[in-house]
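# Coordinate inspection notes
Spelled out from the first residue to the last, the chains are:
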Amino acid sequence: MANGQWYPPEWPDRIRALADGTLTPVSPKRAATVMLLRDTDAGPVVHMLRRRASMAFAGGAYAYPGGGVDPRDDDLHVRWAGPTRAWWADRLGVDETAAQAIVCAAVRETYEEAGVLLAGPTPDSVVGDTTGADWEVDRAALVDRELSFAEFLDRRGLVLRSDLLGAWTRWITPEFEARRYDTWFFVAALPEGQRTRNASTEADRTVWIRPEDAAASYDKGELLMMPPTIATLRQLTSYGTAVEALAAAPGRDLTPVLARARLEDGEIVLSWPGHDEFTKHIPTGGAPA
């Protein structure tokens, strides 16, 4: 039975074009995504959304809240709590300006797409319910880029709680993809008093699901996912609580994972280093196996 690995039909042609020099890779855009966890009696569950089938990139696939960096997050001073920008720069492998932007993207996108805000009025507090009409006005302004995240925090008198995030892994979209992202994956626990909702125009469904259940559904071909999504789900299954996962984050290797394609015995072999389950063998004139 086929699993739920997302595999666009145009990939073989694009891989061949890259190999023969007729395709120039686009530069990946910086992005961040957050694996939001909540403890239950049956173990931790993770918040996932299903991308609308009409989406050009990974339509119908299950993913986590996330998205691209807003360039203004590089330029504007953001009210900040938790580890310093220098600490995050070292952890993420970037400079301090980029580190601020990536962490901001993680917090902002989680609020934009799930309605959950990792920020508080003080460095050791976090906001409660954020579902009121006044909150929705600000959230919509963030989505429409009418309001920067720095301006949003200033308006609300809030500080970004970078200590509520744990950097987990980093994946870069393959060079042959038309839309490329350099994505940092973070883990976080749902703050007390807050609740998720489907606030994204890009998703038609959201679920709280145990990582092992989501992985089992992927294996059966019931849930469609991109390689980094199912890979991180499998990694989360070994933790009994959200706190355990967060505690493990600082020790995680953030070496970027980038797919490679090579010609071998008349077929294209597509592989993700360190993740053998995603390897695809593509005959020169056929479908991947």
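Residues numbered from 1 in each chain as written. Predicted model: local features only at pLDDT ≥ 70, side-chain atom pairs only at ≥ 80, totals over all residues. Heavy atoms only, no water.

## Description of the side chain of Asp138
With respect to the helices and strands, Asp138 occurs in helix α5 (residues 133–143). The class of Asp138 is buried, set by a relative accessible area of 4%. A polar side-chain atom of Asp138 sits 3.0 Å from a polar atom in the side chain of Arg156. Not counting the four nearest positions on each side in its chain, Asp138 is found in contact with Leu147, Phe152, Arg155 and Arg156. (Helix = DSSP H or I, 4+ residues; strand = E, 2+ residues; numbered from the N terminus. Buried < 20%, exposed > 50% of the residue type's maximum accessible area, 1.4 Å probe, protein only. Polar contact = N/O pair within 3.5 Å; in protein donor to acceptor, adjacent residues only side chain to side chain. Contact = heavy atoms within 4.5 Å.)

## Regarding the pattern of salt bridges
All told, the structure shown has 21 salt bridges when counted by the stated rule. A salt bridge links Arg72 to Asp70; the nearest nitrogen and oxygen atoms lie 2.9 Å apart. Residue classification places Arg72 among the partly exposed positions, given a relative accessible area of 24%. Residue Arg139 is joined to Glu136 by a salt bridge in which the shortest nitrogen-to-oxygen separation is 2.9 Å. Of this pair, Arg139 and Glu136 both sit in helix α5, 3 residues apart, which is roughly one turn of that helix. A relative accessible area of 7% means that Arg139 is categorised as buried. (Salt bridge = Lys/Arg side-chain N within 4 Å of Asp/Glu carboxyl O.)

## Some thoughts on helix α7 (residues 211–219)
Every buried residue of α7 is accounted for by Pro211, Ala214, Ala215, Ser217 and Tyr218. Angular distribution of buried residues about the axis of α7 spans 160°; they occupy a single face of the element. Buried residues along α7 sit in contact with β2 (45–51), β10 (203–209), α8 (227–236) and β14 (275–283). After α7 finishes, the residue Gly221 shows a positive phi value of roughly 80°. (Arc of directions from axis to C-beta.)

## Digging into the sheet that holds strand β5 (residues 80–81)
Read from one edge of the open sheet, 3 strands run β5-β7-β6, paired in mixed fashion. The sheet is open, and its two edges are formed by β5 and β6 (119–120), each paired on a single side. Relative to strand β7 (residues 159–161), β5 is paired through 2 bridges, and the arrangement is parallel. Counterpart to Ala81 in the pairing with β7 is Arg161. (Pairing = 2+ DSSP bridges.)

## Digging into the nonpolar core
Counting residues in each nonpolar core, the largest one holds 40 residues, and the members touching the most others are Leu92, Leu117, Leu165 and Phe186. Where this core is concerned, the elements lending two or more residues are β1 (29–38), α3 (85–92), α4 (96–114), α5, α6 (149–156) and β9 (181–189). Here the element with the most residues in this core is α4; it accounts for 9 residues. Excluding its chain neighbours within four sequence positions, the residues that come into contact with Leu117 are Val107, Tyr111, Val126, Val127, Thr130, Trp135, Phe149, Phe152, Leu158, Pro191 and Gln194. (Core = buried A, V, L, I, M, F, W, Y, C linked by side-chain atoms within 4.5 Å.)

## A short note on the sheet that holds strand β12 (residues 260–264)
In space, the 3 strands of this open sheet follow the order β12-β13-β14, with antiparallel pairing throughout. Only two strands of the sheet have a single partner each, and these edge strands are β12 and β14. Strand-to-strand twist across the sheet, computed as the mean angle between neighbouring axes with direction ignored, equals 25°. The pairing of strand β13 (residues 267–272) with β14 spans 5 bridges and is classified as antiparallel. Looking across to β14, one finds that Ile268 is bridged to Ile282. Helix α1 (residues 11–19) rests against β12, β13 and β14 of the sheet, and its axis sits at about 100° to β13. Contacts from α8 reach β13 and β14, with the element oriented near 155° to β14. (Axes fitted to C-alpha atoms, helices over the stretch in contact; angles between N-to-C directions.)

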